[in-house]
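Observations on the three-dimensional arrangement
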Amino acid sequence: MIVIGTTGNILAGQTTLADYLREDYKFVHYSFKEVVREEAKLRGKDVSTREQLQLFEFLERQEAKKPVWAEQIVGRITGNEEEDFNYVVEGFGFPDQIETFRKSFGKNFHLVTLDASPKTRYARSGKEFDSLEHFARIEANERVGYKLNCGRDVADCMKRASRRIINDKDFASFYSRIESLVGDFGFSRDSERALFAK
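Residues numbered from 1 in each chain as written. Predicted model: local features only at pLDDT ≥ 70, side-chain atom pairs only at ≥ 80, totals over all residues. Heavy atoms only, no water.

Moving on, we come to the nonpolar core. Judged by nonpolar contacts, the single largest core of 27 residues is most densely connected at Ile-77, Val-89 and Phe-101. For this core, the secondary-structure elements that each account for two or more residues are strand E2 (28-31), helix H2 (32-42), helix H3 (50-64), helix H4 (68-78), strand E3 (87-90), helix H5 (95-105) and strand E4 (109-115). Among the elements that make up this core, the one with the highest residue count is H4 (six residues). Among the nonpolar cores identified, the runner-up in size contains 19 residues, and Leu-17, Leu-21, Val-88 and Phe-185 belong to it. (Core = buried A, V, L, I, M, F, W, Y, C linked by side-chain atoms within 4.5 Å. Buried < 20%, exposed > 50% of the residue type's maximum accessible area, 1.4 Å probe, protein only. Helix = DSSP H or I, 4+ residues; strand = E, 2+ residues; numbered from the N terminus.)

Strand pairing in a sheet is mediated by backbone hydrogen bonds. Such pairs are either parallel or antiparallel. Read across the open sheet, the five strands follow the order E2-E3-E1-E4-E5; overall the sheet is parallel. What marks the edges here is a single partner per strand, and that holds for E2 and strand E5 (163-166). Averaged over all adjacent pairs, the angle separating strand axes in this sheet is 25 degrees, with direction ignored. Relative to E3, strand E1 (residues 3-8) is paired through four bridges, and the arrangement is parallel. The partner of Gly-5 across the bridge, within E3, is Val-89. In the packing of helix H1 (residues 14-25) onto the sheet, the strands contacted are E1, E2, E3, E4 and E5, and the crossing angle to E3 comes to about 165 degrees. Against the sheet, H2 makes contact with E2 and E3, and its axis sits at roughly 60 degrees relative to E2, the strand it touches most. (Pairing = 2+ DSSP bridges. Axes fitted to C-alpha atoms, helices over the stretch in contact; angles between N-to-C directions. Contact = heavy atoms within 4.5 Å.)

Now for H3. Over its 15 residues, H3 runs 21 Å from end to end, which matches the ideal 21 Å to within 8%, given 1.5 Å per residue. Those residues of H3 that fall on the buried side of the exposure criterion are Leu-53, Gln-54, Phe-56, Glu-57, Phe-58, Glu-60 and Arg-61. The elements touched by buried residues of H3 are H2, H4, H5 and helix H7 (132-144). Immediately beyond the C-terminal end of H3, within one or two residues, lies Lys-65, with a positive phi of roughly 60 degrees. (Expected span 1.5 Å × (residues − 1).)

Laid out in structure tokens, this is it:
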């Protein structure tokens, strides 16, 4: 079993990488954002914007005083009866989440950071942000927002990654870099497993 975690700046390609591994290599895909959204829905909280999601995640972590979302995902992985499936976990945002996975999976856990220039990433955002200033503010919340009690610590997470992918060109170039990554882990098309995340 291999667990690949992703971190990185907004719109650097984490979801695209995770979808690629799920669709082409049959990795099971988990997302920190989706786990947080599930919890928010249960509590009747509106997290429809990035800012709302960031704040809800931060406050829940503060109250729990532990990496609750990481523990939930680890529990889902270790609770899977078929232990030889491989996993991609998208969206590490705090160093203690990384440490939780390293303690749980040891050398089987690999953290990959993704990045591209701010200009490139903003161009990908479509109508999600009102302006470049809005984009910059939300990204600051992602990178160091924990210092202001409103966000994440992606900047530190990126420093802890063992591999880095720059996603600054087209899809073909990005997919080629993903193929190189999975090749480093010893995967080939012959090693695909027939499981999709539910």
